[in-house]
Amino acid sequence: MKTKFEIESLVRKNILELKPYSSARDEFKGEASIFLDANENAHGSPIENNFNRYPDPLQLRLKTELAQLKNTSIQNIFVGNGSDEAIDLLFRIFCEPGKDNVMVCPPTYGMYEVSANINDIQLKKVNLTPEFQLDVKGIFDSKDSNTKMIFICSPNNPSGNLMNRNDVIQVLEKFNGIVVVDEAYIDFAYESLVNLIEDYPNLVILQTLSKAYGMAGLRIGMAFSNKTIIDLMNKVKAPYNLNEYSIKQGIEAVKNKVIVDKWILEIKNEKRKMINALGELDFVLKINPSQANFLLVKFNDAKTIYHYLLSKGIVVRDRSLQVNCENCLRITIGTNEENTKLLNALKELS
Ligand SMILES: *Cc1c(COP(=O)(O)O)cnc(C)c1O
């Protein structure tokens, strides 16, 4: 539980004072039969389905489904064009270009650094431990009075493991800035921190429909936080940041959660199988524990394996240049058939 924490004091002055764009859909929300307020084409769209009307700027129907799914309320949910939109918005809300800094814990997701660079925000890097856990002391030694956000990815990409819950809570307790916990892979793991948004006003959780929900092409990302931060995100976002098609399909996807649950079980099963089979190969040196839908595997010679697999038409991700990832490839768990092909290709080598 965090008390005496003022979010407003962290927000850029221009954002606090910002008067957001007010769209036709913002200004009229009632029932009507003739909409002549938004310069839309009342005839329809020249394609199979009609998309001639502007979408709901706040995606309330989608958020209603998400609130139920995640056991939280609409006012605690932001929906964006992928979680990458949420990341960029957080920079624009909290970080003064050329002055503030944020902290990331490598090896981790690359988008935090790109977003920092785009927004001219300095980056402080505090590496994860060799076990890919948070270096809590290092984080506190390295932060300064301009450190506005700390990005924690859990399960972490590319290592696959969850961060220790107590370490994250320590950071939430002691850091008087925004703690962004990226849970893109949480559907494969056992413990989300979403319910902690009640206790920690500085916590923002990122999730997405891109991974377990299989909706990467439709770009639906989510942020969960207290109402103050969500309101700020809604104020700064583009008025119609999610298109009508994505909103509709997102609602469908959440309603079809049973299919996703089945896939998650299957992917976890396949992952177990892969861990066992990969472990038998003499050129596999280590497989990092994974709570995600991928494995970080250390080989004796990652580059050779990478190109060998490529010659067989199989692409994996070479992560060997990242900190503590020497000779590591990141392998996504695919279908049973795909995984078998990968294993057979590797077995041919040994
Ligand atoms: C894939 C991934 C995302 C991307 O999410 P989108 O919603 O597709 O933008 C975010 N964070 C991490 C750690 C990821 O691996």
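Everything quoted here is computed from the prediction, not taken from an experiment. (Residues numbered from 1 in each chain as written. Predicted model: local features only at pLDDT ≥ 70, side-chain atom pairs only at ≥ 80, totals over all residues. Heavy atoms only, no water.)

**Observations concerning the overall build of the chain**
Reasoning step 1: In terms of regular secondary structure, the chain is built from twelve helices and eleven strands.
Reasoning step 2: For 350 residues, the compact-globule estimate of 2.2 N^0.38 gives 20 Å, and the chain sits close to it at 22 Å.
Reasoning step 3: Projected onto its principal axes, the C-alpha positions of the chain cover 70 × 55 × 35 Å.
Reasoning step 4: Contacts spanning at least 24 positions in sequence make up 68% of the contacts within the chain whose residues lie at least 6 apart.
Reasoning step 5: Here the chain has roughly 17100 Å² of accessible surface; of this, 50% comes from carbon and sulfur atoms.
Reasoning step 6: Computed over 42 positive and 44 negative side-chain charges, the inter-centroid distance for the chain is 1 Å. (Helix = DSSP H or I, 4+ residues; strand = E, 2+ residues; numbered from the N terminus. Rg over C-alpha atoms; globule rule 2.2 N^0.38 Å. Contact = heavy atoms within 4.5 Å. Areas by Shrake-Rupley, 256 points an atom, 1.4 Å probe, with all protein chains shown as cover. Lys, Arg positive; Asp, Glu negative; His and termini not counted. Charge placed at Lys NZ, Arg CZ, Asp CG, Glu CD.)

**Structural notes on the packing of aromatic side chains**
Reasoning step 1: Taken as a whole and judged by the stated rule, the model has eight aromatic pairs.
Reasoning step 2: Geometrically, the ring pair formed by tyrosine 109 and tyrosine 112 is edge-to-face, given 5.5 Å between the ring centres and 75° between the ring planes.
Reasoning step 3: On the basis of relative accessible area, tyrosine 112 is assigned to the buried category, the value being 1%.
Reasoning step 4: Positioned above the aromatic ring of phenylalanine 294, the side-chain terminus of arginine 330 is 5.6 Å from the ring centre. (Phe/Tyr/Trp six-rings, centres within 6.5 Å; stacked < 30°, edge-to-face > 60°. Buried < 20%, exposed > 50% of the residue type's maximum accessible area, 1.4 Å probe, protein only. Lys NZ or Arg CZ within 6 Å of the ring centre and 35° of its normal.)

**Things to note about the sheet that holds strand S7 (residues 221–224)**
Reasoning step 1: The mixed open sheet is built from seven strands, whose spatial order is S1-S7-S6-S5-S4-S2-S3. Because the sheet does not close on itself, it has two edges, and the strands there are strand S1 (77–80) and strand S3 (122–125). This sheet shows a mean twist of 25° between the axes of neighbouring strands, independent of strand direction.
Reasoning step 2: The pairing of strand S6 (residues 203–208) with S7 spans four bridges and is classified as antiparallel. For isoleucine 205, the partnering residue across the bridge sits in S7 and is phenylalanine 224.
Reasoning step 3: Set on the sheet, helix H5 (residues 111–118) makes contact with strand S2 (101–104), S3, strand S4 (147–153) and strand S5 (178–182); between it and S3 the angle comes to about 150°.
Reasoning step 4: Helix-sheet contacts for helix H8 (residues 227–236) involve S1, S5, S6 and S7, and the interaxial angle to S1 is about 25°. (Pairing = 2+ DSSP bridges. Axes fitted to C-alpha atoms, helices over the stretch in contact; angles between N-to-C directions.)

**Digging into the sheet that holds strand S9 (residues 294–299)**
Reasoning step 1: Spatially, S8-S9-S11-S10 is the arrangement adopted by the four strands of the open sheet, whose pairing is antiparallel. Unpaired on one side and paired on the other, strand S8 (284–287) and strand S10 (317–318) mark the two borders of the sheet.
Reasoning step 2: Where S9 lies against strand S11 (residues 328–332), five bridges are found, and the strand directions are antiparallel. Note that in S11 the partner of leucine 296 across the bridge is arginine 330.
Reasoning step 3: Relative to S9, helix H10 (residues 257–279) is tilted by about 5°, and along the sheet it contacts S8, S9 and S11.

**Observations regarding the site of the ligand**
Reasoning step 1: With respect to spatial proximity, 13 residues lie near the ligand, and among them Asp182, Tyr185, Thr208, Ser210 and Lys211 are the closest.
Reasoning step 2: Serine 83 has a polar backbone atom sitting 2.7 Å from an oxygen atom of the ligand.
Reasoning step 3: Considered on its own, the ligand offers 390 Å² of accessible surface; in the complex 94% of this is hidden by protein.
Reasoning step 4: Taken together, the residues that form the shell around the ligand break down as four nonpolar, five polar and four charged. (Near = heavy atom within 4 Å. Polar contact = N/O pair within 3.5 Å; in protein donor to acceptor, adjacent residues only side chain to side chain. Nonpolar A, V, L, I, M, F, W, Y, C, P; charged D, E, K, R; others polar.)

**Describing the pairing of S11**
Reasoning step 1: S11 sits mainly inside the fold: four of its five residues count as buried.
Reasoning step 2: In terms of strand pairing, S10 meets S11 through two bridges, oriented antiparallel. Directly across from arginine 317, in S11, lies its bridge partner arginine 330.

**A few points about the packing of helix H11 (residues 302–311) against helix H12 (residues 336–349)**
Reasoning step 1: Where H11 meets H12, the closest approach of the two axes is 11 Å, and the angle between their N-to-C directions is 120°. Our classification of the angle between H11 and H12 gives oblique. When the axes of H11 and H12 are compared, the crossing they make is right-handed. Here H11 contributes Ile305, Tyr308 and Leu309 to the contact with H12, which in turn contributes Leu342, Ala345, Leu346, Glu348 and Leu349.
Reasoning step 2: Residues belonging to the contact of H11 with H12 are distributed by class as follows: seven nonpolar, no polar and one charged. (Parallel < 35°, antiparallel > 145°, perpendicular 65-115°, else oblique. Left-handed = near helix turned anticlockwise from the far one by under 90°.)

**Quick look at the pattern of salt bridges**
Reasoning step 1: By the definition in use, this model includes 19 salt bridges.
Reasoning step 2: Here the residues in one salt-bridge network are Arg25, Asp37, Glu40 and Arg53, joined through shared partners. (Salt bridge = Lys/Arg side-chain N within 4 Å of Asp/Glu carboxyl O.)

**Looking at the pairing of S3**
Moving residue by residue along a regular strand, the side chains alternate between the two faces of the sheet.
Reasoning step 1: Across four bridges, S2 lies against S3 in parallel orientation. By the bridge assignment for S3, asparagine 101 is matched with glutamine 122.
Reasoning step 2: For the crossover that starts at S2, traverses H5 and ends in the parallel S3, the hand is right-handed. (Right-handed = clockwise from strand over helix to strand, strands pointing away.)

**With respect to the environment of glycine 217**
Reasoning step 1: Examined against the element boundaries, glycine 217 turns out to sit in the loop between S6 and S7.
Reasoning step 2: Glycine 217 gets classed as exposed once you look at its relative accessible area, which sits at 70%.
Reasoning step 3: In the structure, glycine 217 is positioned 29 residues away from serine 246 in sequence and 9.2 Å away in space, judged by C-alpha atoms.

**Here's the deal with a nonpolar patch on the surface**
Reasoning step 1: A surface patch of nonpolar side chains, amounting to about 280 Å² of accessible area, comprises Ile47, Phe51 and Tyr245.
Reasoning step 2: Within the element layout of this structure, isoleucine 47 appears in the loop between helix H2 (24–27) and helix H3 (60–70).
Reasoning step 3: The class of isoleucine 47 is exposed, set by a relative accessible area of 53%. (Patch = residues over 30% accessible without salt bridge, like charges linked within 9 Å, V, L, I, M, F, W, Y side chains within 5 Å.)

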